[in-house]
Amino acid sequence: MEPTAKATEAAPAKVNLTLHVTGRRADGYHLLDSLVAFVGISDKVTVAPADRMALAVSGPRAAGVPADARNLVWKAAELLGTPPVAIALEKTLPAAAGIGGGSSDAAAVVRALSRLWDRPLPEARTLLPLGADVPVCLAPQSVRMQGVGEEISPVGGLPPFWILLANPGVEVPTPAVFKALVSRDNPPMDGLPPKEAAACLAWLRAQRNDLEPAALSVEPAIAPVLAALAGQPGCGLTRMSGSGATCFGLFESEVAAAAARASIARAEPGWWLAAGPLL
Ligand code: C5P
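Not measured: the values here are computed from a predicted model.

Peer 1: I keep staring at the overall build of the protein chain and nothing clicks. Help me out?
Peer 2: Along the protein chain, the regular secondary structure elements total eight helices and 10 strands. In terms of overall dimensions, the protein chain is globule-like: its C-alpha atoms have a radius of gyration of 18 Å, near the 19 Å expected for 279 residues. For the C-alpha atoms alone, the extent of the protein chain along its principal axes is close to 55 × 45 × 35 Å. Burial analysis of the protein chain (279 residues in total) assigns 50% to the buried set. When contacts within the protein chain are restricted to residue pairs at least 6 apart in sequence, those whose partners lie at least 24 apart make up 74%. Summing over all exposed atoms, the protein chain offers an accessible surface of approximately 11,800 Å²; the carbon and sulfur share of this is 56%. Across the protein chain, 23 positive and 25 negative side-chain charges occur, with their mean positions spaced 2 Å apart.

See below:
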């Protein structure tokens, strides 16, 4: 079959609604138990056959993003062993921000290349060499993620929450946060979340992001972000995602999430703020 001329995929933001660190492997990687969800706020990747590999980065968050073989999208294409392609990456999501921007971009390129060349998607766990968060981004949906990121199991959907992401404009390197952990052997998640919204929020509030105290010690600018979200009417849960610095608020309505976004934007014009539905 002739390949289609190009393929485009959205690369949605990943949020860790919970992130429990339950142990550490001999190789230093940490064992996790995390409820991972995706938000309708996305980067965009397009791939098209080309004479040689190329990458162009555009969009409001393109500054500082490598447009060469250092970029995870390029590495993802190499891992797949694709014929040469030109990749266009449109950056909306901030980098090194705990919302899986680079990982989601890499997974989106894998999906796009599979469509372009009419090949089946690879197994998620084969993408682990690209980064612990890449496998979970291959099929963006709410899942429980365990192991170091390679064990992915469905949770059967979550209530239709709206999520407000807030980032104070500081990049937080993930290794530094794991290094600052005080306790590496913590209890796992308390089973799976209930389906009803209020019960789900109560369940989520009783879970944790174990990286939050460590990230706060590395980057104190995260504390006012959590406080700003927590003070918004209708905010049912406030938490940091991944290793930060992005934090999120969960809302039961789009109107409440939009009002919170506008209110924080007025007070903190320098922060990156984006609201969208859970996918
Ligand atoms: O795999 P990734 O490149 O996303 O990981 C970045 C860093 O985060 C690793 O070098 C490691 O220090 C830490 N990490 C970890 N355990 C995980 C995932 C990441 O210790 N499960």
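What follows picks up the thread again.
Peer 1: Mind showing me how you'd approach the site of the ligand here?
Peer 2: Around the ligand lies a shell formed by G28, Y29, H30, L32, G131, A132, V148, T174, P175 and F178. Within the side chain of Y29, an N or O atom sits 3.4 Å from an oxygen atom of the ligand. Between H30 and the ligand, the recorded distance is 2.7 Å, taken from a side-chain N or O atom to an oxygen atom. In isolation the ligand offers 460 Å² of accessible surface; the protein chains occlude 72% of this area. Mapped onto the shell around the ligand, the elements with two or more residues apiece are β2 (30-49) and α4 (174-179). Take the shell around the ligand: its biggest share by element is three residues, from α4. Of the residues contributing to the shell around the ligand, the split by class is six nonpolar, four polar and no charged.

Peer 1: Explain the packing of helix α6 (residues 211-218) against helix α7 (residues 222-230) to me, please; I cannot follow it from the model alone.
Peer 2: Their axes nearest at 8 Å, the elements α6 and α7 cross at an angle of 125°. Considering their axes alone, α6 and α7 lie oblique with respect to each other. Contact residues: E212, A215 and L216 in α6; I222, A223 and L226 in α7. Split into classes, the residues belonging to the contact of α6 with α7 amount to five nonpolar, no polar and one charged.

Peer 1: So what exactly am I meant to see when it comes to helix α8 (residues 254-267) here?
Peer 2: Each α-helix turn comprises 3.6 residues. Residues three or four places apart therefore point the same way. Helix length check: α8, at 14 residues, gives a terminal C-alpha distance of 20 Å against a target of 20 Å (1.5 Å per residue), a fit within 8%. Inspection of α8 places A257, A260 and I264 among the buried residues, and these make up the whole buried set. Looking straight down α8, one finds its buried side chains confined to an arc of 60°; they lie on one side. The exposed residues of α8 that point more than 90 degrees off its buried face are V255 and R266. The elements touched by buried residues of α8 are β7 (162-167), α7, β9 (247-251) and β10 (272-277).

Quick notes on the rules
- Counting from 1, residues in each chain are numbered in the order their sequence is written.
- Residue-level local features of this predicted model are given only where pLDDT is at least 70; pairs of side-chain atoms are given and counted only at 80 or more, and the full residue set underlies all totals for whole chains, interfaces and linings.
- The basis for every side-chain value is the complete set of heavy atoms in the structure, and neither hydrogens nor water enter the calculation.
- Labels follow the DSSP assignment, with helices taken as runs of H or I lasting at least four residues and strands as runs of E lasting at least two, numbered in each case from the N terminus.
- Using C-alpha atoms as the atom set, the radius of gyration is obtained and then compared with a globule rule of 2.2 Å times the number of residues to the power 0.38.
- Only protein chains enter the area calculation, which uses a 1.4 Å probe; residues under 20% of their type maximum are buried, those over 50% are exposed, and those in between are partly exposed.
- Should any heavy atoms of two residues lie within 4.5 Å, those residues are considered in contact.
- Note on areas: these come from Shrake-Rupley sampling with a 1.4 Å probe, and a residue is covered only by the protein chains present in the view.
- In this count, Lys and Arg are taken as positive residues and Asp and Glu as negative ones, while His and the chain termini are left out.
- Where a charge sits is defined by one atom per residue type, namely NZ (Lys), CZ (Arg), CG (Asp) or CD (Glu).
- What makes a residue near a molecule or strand is one non-hydrogen atom of that residue sitting within 4 Å of it.
- In the analysis that follows, any N or O atom pair within 3.5 Å is treated as a polar contact, provided that within protein one partner can donate a hydrogen and the other can accept it, and provided that, for residues neighboring in sequence, both atoms belong to side chains.
- Residues are sorted three ways: Asp, Glu, Lys and Arg are charged, Ala, Val, Leu, Ile, Met, Phe, Trp, Tyr, Cys and Pro are nonpolar, and all the rest, Gly among them, are polar.
- To define axes, lines are fitted to C-alpha atoms, for helices over the stretch in contact only, and angles between the resulting N-to-C directions are given on a 0 to 180 degree scale.
- By definition in this entry, angles of less than 35 degrees are roughly parallel, angles greater than 145 are roughly antiparallel, angles of 65 to 115 are roughly perpendicular, and the rest are oblique.
- Multiply 1.5 Å by the residue count of a helix minus one, and that product is the helix's expected span.
- This arc describes the spread of directions from the helix axis toward the C-beta atoms.

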